[in-house]
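# Descriptive analysis of the structure
Residue strings, one per chain:
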Amino acid sequence: MSPMPEKMGDGQSASMTSGMLMKCGYTARAEAAVGIIVILTGLALFVQKVNKYRKVLGGAVVGFGILTILIPTVLIGVCNALSAPCRIGTLPALILLGALIIVAGAIVVLTHNEIPTETH
Amino acid sequence: MIRLILKNIIYRPIRNGALILSFAFIAASLFSGNYLTTGAADSISEEISQLGADLIVVPEQYSAEGEAVLLRGEPSTFFFDRKVLDDVEHVNGVVLAAPQIYIATLPADCCSDLVQLIAIDPSRDFTIAPWLKESRKQPIGKDEIIVGSQIVGDVGATRYFYGHAFTIAGTLKHTGTGVDRTVFLRAEDARVMAAESAITAYEPVTLPDGGISVILVKVAHPADVADIARNIAEQVPGTKVITPDSLVSQVAGRLSSITRLLAMAAIIATLVTLPLIALISVMTMQERVREIGILRALGATRAKIFGLIFGETVLVAAIGGCIGIAISTVLLILFQEYIAFTVGIPLSVPTGGSLLLSAASAVILTTAIGGIAAILPAIKAAGMDISEAIRSGDL
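Residues numbered from 1 in each chain as written. Chains lettered and ligands numbered in written order. Predicted model: local features only at pLDDT ≥ 70, side-chain atom pairs only at ≥ 80, totals over all residues. Heavy atoms only, no water.

## Re the overall build of chain B
Helix and strand counts for chain B stand at 13 helices and 11 strands. Rg of the C-alpha trace for chain B: 30 Å, well past the compact-globule value of 21 Å for 395 residues, more than 25% over. With respect to the three principal axes, the spread of C-alpha positions in chain B is 95 × 45 × 35 Å. A burial count over chain B gives 52% of its 395 residues as buried. Here the analysis covers contacts within chain B between residues at least 6 apart in sequence; of these, 79% occur between residues at least 24 apart. (Helix = DSSP H or I, 4+ residues; strand = E, 2+ residues; numbered from the N terminus. Rg over C-alpha atoms; globule rule 2.2 N^0.38 Å. Buried < 20%, exposed > 50% of the residue type's maximum accessible area, 1.4 Å probe, protein only. Contact = heavy atoms within 4.5 Å.)

Right, here's the structure in full:
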């Protein structure tokens, strides 16, 4: 009897062995971290009134949006199982959220384009 | 005039934004129902054409399992006697009959899926044979597998089933159905794998001698499919015949509650929105009585005033419709697998033609709803007396 049934391949799984966190687990942690940073950046945007800095924060939000998409698609990934909830539900939701974050950041960047008035 | 209409829309961003959202919701509801129905039907057509069969004969007591394999790729292992193959071949109108053996794999770990293995008889097969002839120019070899589009692994990679090593020889194109989660192999390799499984796998698989799971049938004249299906069911006891039409109607049944819900949402939204739009159009007109009067005094005809009020709502409806369709398309494509899995239907992006038709009909219907709501206020505005309008209204 083989101790590891059918080796890898029956389920096409490559993401976990017993005792280790699955890919989606690492993705969840990374996304939570990015989420906290996005919230903090959003709060900073509420507080910050200087256009130049708001634009920089908007740019950062765009970057975090891109990161939100890249984590489950390229950088870490999700489970390979075809019907895994993380693949059919969480992955598209994260792509959608990432796109919305990028749009929100882009709006901040584009709406703070006016030339700052000279102060004496 | 278009520029004036656009300016009017931009001048009242909140009111028109709310209207656009309402129209977007109506269009999204209309479009989504259509998308799901056509996407499922297209998916089944693609699968049937990939299988190359006009009919599929399954054991009567396993007909639900057979349909589940085809529609949702839910793996199953079932058999009936091979002598049924001879009986099916002798039914009038049957040109080709190819047996297949269905074997469900074992789960490997917590985040793995079961996969459907389909063992074919290369001498009779017409399912992957045309694909092999076109793409690979050689038949499927010993311990080689052809995998569905959702099976992970590149050509040349090794995959283990019941402890037996197989090499991926090719990947089939995406259909959105059970075929995408299927692995095709030779029947003789499947029998070797089954014989070895008592030693190599923790749960062996047993293939009965001469046992087959389904028979794929090609008929002489596709128009006679229904008659031949009836003849097979009558002349070969213990069998059930699955036709493309029966698969489509089964999926339509599964989708009916969702499509009904979407249609209801569109109807309710329309019923709520229609008087709302009429009211907003009347309000807008009241606000612009003097403006309309001045336009009339400057030489604008009644038809032009009608066009201005009517065109504004119609344009708002068209913009809302397009936005609704764009948003629902993105969501439906992103969550395609989730919808297919939870509803238990095959689903793929509808073909360009049917997608365009669904989108166009949703936009036209939404725009028509906007037009109906705006017609009375527009007539009223066009019929306004010039001097009274200039005196009474605000500019």
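## Focus on the nonpolar core
Ranked by size, the top nonpolar core spans 45 residues in total, and within it B:Ile56, B:Ile128, B:Ile146 and B:Phe184 carry the most contacts. Not counting chain neighbours up to four residues away, the residues in contact with B:Phe184 comprise B:Gln100, B:Ile118, B:Ile120, B:Thr127, B:Ile128, B:Ile140, B:Glu144, B:Ile145, B:Ile146, B:Leu172 and B:Val179. (Core = buried A, V, L, I, M, F, W, Y, C linked by side-chain atoms within 4.5 Å.)

## Here's the deal with the pattern of salt bridges
All names here are of chain B. Summed over all chains, the structure comprises seven salt bridges over all chains. With its nearest N and O atoms 3.3 Å apart, the salt bridge here joins Asp-143 to Lys-142. Overall, the relative accessible area of 17% leaves Asp-143 in the buried class. For Lys-142, a relative accessible area of 61% translates into the label exposed. (Salt bridge = Lys/Arg side-chain N within 4 Å of Asp/Glu carboxyl O.)

## Regarding the packing of helix 2 (residues 13-51) of chain B against helix 12 (residues 352-382) of chain B
Residues and elements named next belong to chain B. Remark: helix 2 packs on helix 12, axes separated minimally by 9 Å, with the N-to-C direction vectors making an angle of 155°. By the criterion of interaxial angle, the relationship of helix 2 to helix 12 is roughly antiparallel. In the crossing of helix 2 with helix 12, the sense of the turn from one axis to the other is right-handed. On helix 12, the residues touching Phe-23, Ile-26, Ala-27, Leu-30, Phe-31, Asn-34, Tyr-35, Thr-38 and Asp-42 of helix 2 are Ser-354, Leu-355, Ser-358, Ala-359, Ser-361, Ala-362, Leu-365, Thr-366, Ile-369 and Gly-370. For the contact of helix 2 with helix 12, a count of residues per class yields 11 nonpolar, seven polar and one charged. (Axes fitted to C-alpha atoms, helices over the stretch in contact; angles between N-to-C directions. Parallel < 35°, antiparallel > 145°, perpendicular 65-115°, else oblique. Left-handed = near helix turned anticlockwise from the far one by under 90°. Nonpolar A, V, L, I, M, F, W, Y, C, P; charged D, E, K, R; others polar.)

## Re unusual backbone geometry
All names here are of chain B. Of note in the backbone geometry, Asp-143 takes a positive phi value of approximately 55° without being a glycine. Summarising the element assignment, Asp-143 is placed in the loop between helix 5 (129-136) and strand 5 (144-147). In this structure, Tyr-162 takes a positive phi of about 50° despite not being glycine. Among the residues examined, Tyr-162 registers a relative accessible area of 4% and is labelled buried.

## Here we look at the pairing of strand 1 (residues 55-59) of chain B
All names here are of chain B. Burial of strand 1 is extensive: five of the five residues sit out of reach of the surface. Where strand 1 lies against strand 10 (residues 214-219), three bridges are found, and the strand directions are antiparallel. Following the sheet pairing, Ile-56 is matched in strand 10 by Leu-216. As judged from the four bridges shared by strand 1 and strand 11 (residues 239-242), these two strands associate in the antiparallel manner. Each bridged residue has a counterpart across the sheet, and for Pro-59 the counterpart in strand 11 is Thr-239. (Pairing = 2+ DSSP bridges.)

## Brief notes about the pairing of strand 5 of chain B
Residue and element names in this part refer to chain B. Neither face of strand 5 is left uncovered, since the one carrying Glu-144 and Ile-146 and the one carrying Ile-145 and Val-147 both have all their residues buried. Pairing geometry for strand 5 and strand 8 (residues 182-186), over two bridges, is antiparallel. Considered in strand 8, the bridge of Ile-146 is made with Phe-184.

## Notes on the sheet that holds strand 10 of chain B
Residue and element names in this part refer to chain B. Here nine strands make up an open sheet; going across it, the order is 6-7-5-8-4-3-10-1-11 and the pairing mixed. Pairing within the sheet leaves two strands with one partner each, and these edge strands are strand 6 (158-161) and strand 11. Between one strand axis and the next, the sheet turns through 35° on average, direction left out of account.

## Observations regarding the environment of B:Thr200
Residue and element names in this part refer to chain B. Secondary-structure assignment places Thr-200 in helix 6 (residues 187-200). Considering only alpha carbons, one finds Thr-200 and Gly-163, 37 residues apart in sequence, at a separation of 4.8 Å. A polar contact of 2.7 Å, which involves the side chain of Thr-200, links it to the backbone oxygen of Tyr-162. (Polar contact = N/O pair within 3.5 Å; in protein donor to acceptor, adjacent residues only side chain to side chain.)

## Structural notes on the environment of A:Thr111
Residue and element names in this part refer to chain A. Note on placement: Thr-111 falls in the segment after helix 3 (85-110). Judged by its relative accessible area of 47%, Thr-111 falls in the partly exposed class. A polar side-chain atom of Thr-111 sits 2.6 Å from the main-chain carbonyl oxygen of Ile-107.

## Section: the confidence of the model for chain B
The pLDDT averaged across chain B works out to 83; a share of 97% of its residues lies at or above 70. The complex model carries a pTM of 0.74, and its ipTM stands at 0.73. (pLDDT = per-residue confidence, 0-100.)

## Focus on a nonpolar patch on the surface
Taken together, the side chains of A:Ile36, A:Ile39, A:Leu40, A:Leu43, A:Phe46 and A:Val47 define a hydrophobic patch exposed on the protein surface, amounting to about 680 Å² of accessible area. Within the secondary structure layout, A:Leu40 lies in helix 1 (residues 23-47). (Patch = residues over 30% accessible without salt bridge, like charges linked within 9 Å, V, L, I, M, F, W, Y side chains within 5 Å. Areas by Shrake-Rupley, 256 points an atom, 1.4 Å probe, with all protein chains shown as cover.)

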